[in-house]
Amino acid sequence: MELYLDTANVAEVERLARVFPIAGVTTNPSIIAASKEPIWDVLPRLQKAIGAGGILFAQTMSRDAQGMVNEAKRLRSAVPGIVVKIPVTSEGLAAIKLLKKEGIATLGTAVYSASQGLLAALAGAKYVAPYVNRVDAQGGDGIRMVQELQMLLNLHAPESKVLAASFKTPRQALDCLLAGCEAITLPLDVAQQMLNTPAVESAIAQFEQDWANAFGHINL
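Residues numbered from 1 in each chain as written. Predicted model: local features only at pLDDT ≥ 70, side-chain atom pairs only at ≥ 80, totals over all residues. Heavy atoms only, no water.

1. Considerations on the sheet that holds strand β2 (residues 24-26)
- The strand order around the closed barrel formed by eight strands is β1-β2-β3-β4-β5-β6-β7-β8, and the pairing between neighbours is parallel. Averaged over neighbouring strand pairs, the angle between their axes works out to 25° when direction is ignored.
- As paired strands, strand β6 (residues 127-130) and strand β7 (residues 161-164) are joined by two bridges and run parallel to one another. Across the sheet, residue Val-128 finds its bridge partner in β7, namely Val-162. (Pairing = 2+ DSSP bridges. Helix = DSSP H or I, 4+ residues; strand = E, 2+ residues; numbered from the N terminus. Axes fitted to C-alpha atoms, helices over the stretch in contact; angles between N-to-C directions.)

This is the structure we're talking about:
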């Protein structure tokens, strides 16, 4: 199972990478824009933060297939080993096929249906990213969509992985993992929610109080 942070905040990645067993970082154009840093500056810093073994994802901006391919090559030149995110449009599918032939790993992104995700996988995408909460916001069932997509990949494209994205709660992320997803990417606030539970601090405080009452200190 691969756990990613969905951010371009280098300081937060450095802080959380010490604690969380992360496989890398995913970004998108909105996340990069919010960072106020040029993508060519922030990507190397993110790669350094996650280490040589970490996987970094960044997205193309062109709308046509050849433009996507050209940008993907530029991204790979800047950060060797990067996984290039390609929106799953008709031009995006064409780009994924071309990049597969070039040996450049891709993630099919902006996936709103199981059929759309399956097409990306069949075209050669290594990862497929269904947008769970965004599907819910449109009146759909994001978790069910992920379940269907995972089943389809298991049956017809087992070399591709679901990398579920767009979460508002830890419960959504856990449901995706229970559906068999091999990878998820979490925004920073949801990652923190998975760990920070008030009841935990209360339990630890009680342990410390009981120990101090018995032994006069809180060390072993």
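2. Quick notes on helix α10 (residues 188-195)
- Residues of α10 that are buried include every one of Leu-188, Val-190, Ala-191 and Gln-192, and no others.
- Residues of α10 that are buried sit in contact with β1 (2-6), α1 (10-17), α9 (170-178) and β8 (183-186). (Buried < 20%, exposed > 50% of the residue type's maximum accessible area, 1.4 Å probe, protein only. Contact = heavy atoms within 4.5 Å.)

3. Observations concerning the environment of Ala-34
- In this structure, Ala-34 sits in helix α2 (residues 29-35).
- Taking relative accessible area as the criterion, Ala-34 reaches 60% and is therefore assigned exposed.
- Considered as a pair, Ala-34 and Thr-7 are 27 residues apart in the sequence and their alpha carbons are 9.6 Å apart.

4. A few points about the pairing of β1
- The buried fraction of β1 is high, at five of five residues.
- Alternating residues of β1 divide into Glu-2, Tyr-4 and Asp-6 and Leu-3 and Leu-5, and every residue in both groups is buried.
- Of the strand pairs in this sheet, β1 and β8 are connected by four bridges, and their pairing is parallel. If you follow Tyr-4 over to β8, its bridge partner there is Thr-185.
- Direction of pairing for β1 relative to β2: parallel, over a ladder of three bridges. Looking at β2, one finds that Tyr-4 is bridged to Gly-24.
- Taking the sense of rotation as the criterion, the β-α-β connection linking β1, α1 and β2 turns out right-handed. (Right-handed = clockwise from strand over helix to strand, strands pointing away.)

5. Concerning the UniProt feature "active site" (unreviewed entry) in the protein chain
- Within this numbering scheme, the UniProt entry marks Lys-85 as carrying the feature "active site" (unreviewed entry).
- Lys-85 gets classed as buried once you look at its relative accessible area, which sits at 6%.
- Among the polar contacts made by the side chain of Lys-85, one reaches the main-chain carbonyl oxygen of Thr-27 at a distance of 2.8 Å. (UniProt positions renumbered as here; feature names shortened; annotations may be inferred. Polar contact = N/O pair within 3.5 Å; in protein donor to acceptor, adjacent residues only side chain to side chain.)

6. A look at the packing of aromatic side chains
- According to the stated counting rule, one finds four aromatic pairs in the structure shown.
- Between Phe-57 and Tyr-127, the ring centres sit 5.4 Å apart and the planes meet at 75°, which makes this aromatic pair edge-to-face. One end of the pair, Phe-57, is in strand β3 (residues 55-59); the other, Tyr-127, is in strand β6, with 70 residues separating them in the sequence.
- For Phe-57, a relative accessible area of 0% translates into the label buried.
- A relative accessible area of 1% means that Tyr-127 is categorised as buried.
- Each residue in the set Tyr-4, Phe-57 and Tyr-127 is aromatic and connected to the rest through ring pairs, giving one cluster. (Phe/Tyr/Trp six-rings, centres within 6.5 Å; stacked < 30°, edge-to-face > 60°.)

7. Quick word on the nonpolar core
- Leu-43, Leu-46 and Cys-176 are the most contacted members of the largest nonpolar core, which has 58 residues in total.
- By residue number, the principal contributor to this core is helix α3 (residues 39-50), which donates six residues. (Core = buried A, V, L, I, M, F, W, Y, C linked by side-chain atoms within 4.5 Å.)

8. Structural notes on the pattern of salt bridges
- The full count for this structure, using the stated rule, is six salt bridges.
- Measuring nitrogen to oxygen at the nearest pair gives 2.7 Å for the salt bridge that ties Arg-15 to Glu-12. Residue Arg-15 and its partner Glu-12 are located together in helix α1, separated by three residues, close to a single helical turn.
- A residue is classified by how much of its surface remains accessible, and Arg-15, at 40% relative accessible area, is partly exposed.
- Take Glu-12: its relative accessible area is 22%, and that puts it in the partly exposed class. (Salt bridge = Lys/Arg side-chain N within 4 Å of Asp/Glu carboxyl O.)

9. Quick word on the packing of helix α5 (residues 90-102) against helix α6 (residues 114-123)
- Between α5 and α6, whose axes approach to 8 Å, the crossing angle comes to 25°. Judged on the interaxial angle alone, α6 and α5 are roughly parallel. Read as a crossing pair, α5 and α6 show a hand that is right-handed. Every residue of α6 that contacts α5 at Leu-93, Ile-96, Lys-97 and Lys-100 is listed here: Leu-119, Ala-120 and Ala-123.
- In terms of residue class, the contact of α5 with α6 is built from five nonpolar, no polar and two charged. (Parallel < 35°, antiparallel > 145°, perpendicular 65-115°, else oblique. Left-handed = near helix turned anticlockwise from the far one by under 90°. Nonpolar A, V, L, I, M, F, W, Y, C, P; charged D, E, K, R; others polar.)

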